[in-house]
Amino acid sequence: MCVLPKMAKERSFFQSETDFCPECGTILPLPGLKDTVVCRRCNFSIDVHEFEGRPIFSAVIFNKPGTFSVQEEEGELKGPVIDRKCSRCGHEGMVYHTRQMRSADEGQTVFYTCTNCRYQEKEDS
């Protein structure tokens, strides 16, 4: 159901949820200390009182330490395969993906998965 503030209905050509700018579709910033909420892209403004009584939810979800996922498609590993020998079975060919595990000024961690035995290794760069 579309819930559009009364003020926005009179000024806009589009209908949208209150969280989105009815002019350009950009996500609106959270209401602050000012009397209006202003779209950062097109400067469309909505009275801050239009947001009263609306619950605001946020969540941060962390992966369990030491876990990561490998994408599989119908039993096949998905991703680029490189010429790297598996340290467990000796098979030549591993799928890899990278993740930023430490601070942004340090290198990424590369995770390798053997296409033969599914053994997983990691390498910090």
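Below is a summary of the structure that appears in this document. (Residues numbered from 1 in each chain as written. Predicted model: local features only at pLDDT ≥ 70, side-chain atom pairs only at ≥ 80, totals over all residues. Heavy atoms only, no water.)

This part takes up the overall build of the chain. In terms of helices and strands, the chain carries one helix and eight strands. Mapped in sequence order, the helices and strands of the chain form the string α-β-β-β-β-β-β-β-β. Taken across its 125 residues, the chain has 23% of its residues classed as buried. Pairs at least 24 apart in sequence give 28% of the contacts found in the chain among residues at least 6 apart. In the form shown here, the chain has an accessible surface area of approximately 9500 Å², with 50% of it arising from carbon and sulfur atoms. (Helix = DSSP H or I, 4+ residues; strand = E, 2+ residues; numbered from the N terminus. Buried < 20%, exposed > 50% of the residue type's maximum accessible area, 1.4 Å probe, protein only. Contact = heavy atoms within 4.5 Å. Areas by Shrake-Rupley, 256 points an atom, 1.4 Å probe, with all protein chains shown as cover.)

Formed by Cys21, Leu28, Val37, Cys39, Phe44, Ile46, Val48 and Phe51, the largest nonpolar core amounts to eight residues. Grouped together as the second largest cluster of nonpolar side chains are five residues, Cys86, Val110, Tyr112 and Cys114 included. (Core = buried A, V, L, I, M, F, W, Y, C linked by side-chain atoms within 4.5 Å.)

This part takes up the packing of aromatic side chains. Taken as a whole, this structure holds one aromatic pair when the rule is applied. On the basis of an interplanar angle of 45° and a centroid distance of 6.4 Å, the ring pair of Tyr96 and Tyr112 is categorised as tilted. One end of the pair, Tyr96, is in strand E6 (residues 92–99); the other, Tyr112, is in strand E7 (residues 109–114), with 16 residues separating them in the sequence. Lying over the aromatic face of Tyr112, Arg84 brings its terminal NZ or CZ to 3.8 Å of the ring centre. (Phe/Tyr/Trp six-rings, centres within 6.5 Å; stacked < 30°, edge-to-face > 60°. Lys NZ or Arg CZ within 6 Å of the ring centre and 35° of its normal.)

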